[in-house]
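Residues per chain, in single letters:
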Amino acid sequence: MKIAVIYYSKTGKTKRLVEYISHKLKDLGVKVDVFTVKPFREYSSKLLHLNPRILYETLLSRNISIKGDEGFEPERYDAVIIATPIWWGMEAPPIHSFIQKYASLIKTPTYCIVTADLPIDYASKLLKILKTQGYRVKECIQVTELEKDRGRIDAMLDRIPRT
Ligand SMILES: Cc1cc2nc3c(=O)[nH]c(=O)nc-3n(C[C@H](O)[C@H](O)[C@H](O)COP(=O)(O)O)c2cc1C
């Protein structure tokens with residue numbers, strides 16, 4: 001089985017999560033390719049919450065130019081995992097744009113993981129968005145703290161090879 005993990009991370013939490021799930025999947029005997037999707041022009045790292053470009057692109061669901069998906073061929077994978085930070089209640093713009101771009105191209109079972117600070121159910125929201133876009137989305141979970149949520153992450157990963 002071969003899985004593609006596609007993610008964006010600005011402050012490192014989603015990146016650490018993806019490193020964890022890649023190791024875990026490899027332990028389960030799954031081949032994993034990781035694609036780090038980024039805005040073509042990365043956001044400045046200063047004062048992220050006050051960044052007007054982030055606010056504008058996120059709240060208006062802008063489709064932005066992305067990079068990092070070169071070489072991603074959806075048909076080569078048995079399943080896809082999409083991971084994103086939540087910004088202002090939404091998936092981060094690079095992942096929003098990735099989801100739009102590959103809507104009719106990813107036909108395999110799709111899983112998603114959102115990372116956020118607040119215990120608000122953002123996962124269900126992204127699951128609905130993916131379904132609306134035609135993704136065969138199986139499961140979407142939320143991670144606020146990697147340590148605390150490890151059990152739920154592991155449980156989801158265990159289910160993927162049986163998809
Ligand atoms: C601009 C911005 C907006 C955010 N909005 C939310 C939010 O609406 N709800 C929430 O729970 N966390 C929010 N967060 C926190 C991030 O979702 C959380 O820290 C995430 O895990 C960061 O992922 P990363 O380290 O991979 O970039 C926000 C963070 C930033 C920088």
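For the structure, see preceding data.
Our subject in this report is the structure included herewith. Predicted, not measured: the structure shown is a model, and the values here were computed from it.

### Let's talk about the packing of helix H1 (residues 13-27) against helix H5 (residues 146-159)
Close contact between H1 and H5 brings their axes to 11 Å; oriented N to C, the two are set at 40°. Between H1 and H5, the angle falls in the class oblique. Regarding H1 and H5, the two cross each other, and that crossing is right-handed. Facing Arg 16, Leu 17, Tyr 20, Ile 21, Lys 24 and Leu 25 of H1, the residues of H5 in contact are Leu 146, Ile 153, Asp 154 and Leu 157.

### So, H5
With 14 residues, H5 should cover 20 Å at 1.5 Å per step; its first-to-last C-alpha distance of 19 Å lies within 8% of that length. Considering bend angle alone, the principal kink of H5 is centred on Arg 152 and spans about 35°.

### Some points on the pairing of strand S7 (residues 109-115)
Counting buried residues along S7, six of its seven residues qualify, which places the element largely inside the surrounding structure. Where strand S5 (residues 79-87) and S7 come together, six bridges link them in parallel fashion. Bridging across to S7, Ile 81 finds its partner in Tyr 111. On the question of chirality, the crossover connecting S7 to the parallel strand S8 (residues 136-143) by way of helix H4 (residues 122-132) is right-handed.

Conventions we followed
- Residues numbered from 1 in each chain as written.
- Predicted model: local features only at pLDDT ≥ 70, side-chain atom pairs only at ≥ 80, totals over all residues.
- Axes fitted to C-alpha atoms, helices over the stretch in contact; angles between N-to-C directions.
- Helix = DSSP H or I, 4+ residues; strand = E, 2+ residues; numbered from the N terminus.
- Parallel < 35°, antiparallel > 145°, perpendicular 65-115°, else oblique.
- Left-handed = near helix turned anticlockwise from the far one by under 90°.
- Contact = placed C-beta atoms within 7 Å.
- Expected span 1.5 Å × (residues − 1).
- Bend = angle between axes of the 7 residues up to and from the residue.
- Buried ≥ 20, exposed ≤ 12 C-beta atoms within 10 Å, placed from the backbone.
- Pairing = 2+ DSSP bridges.
- Right-handed = clockwise from strand over helix to strand, strands pointing away.

Functional significance is not addressed by these values, which are geometric in nature.
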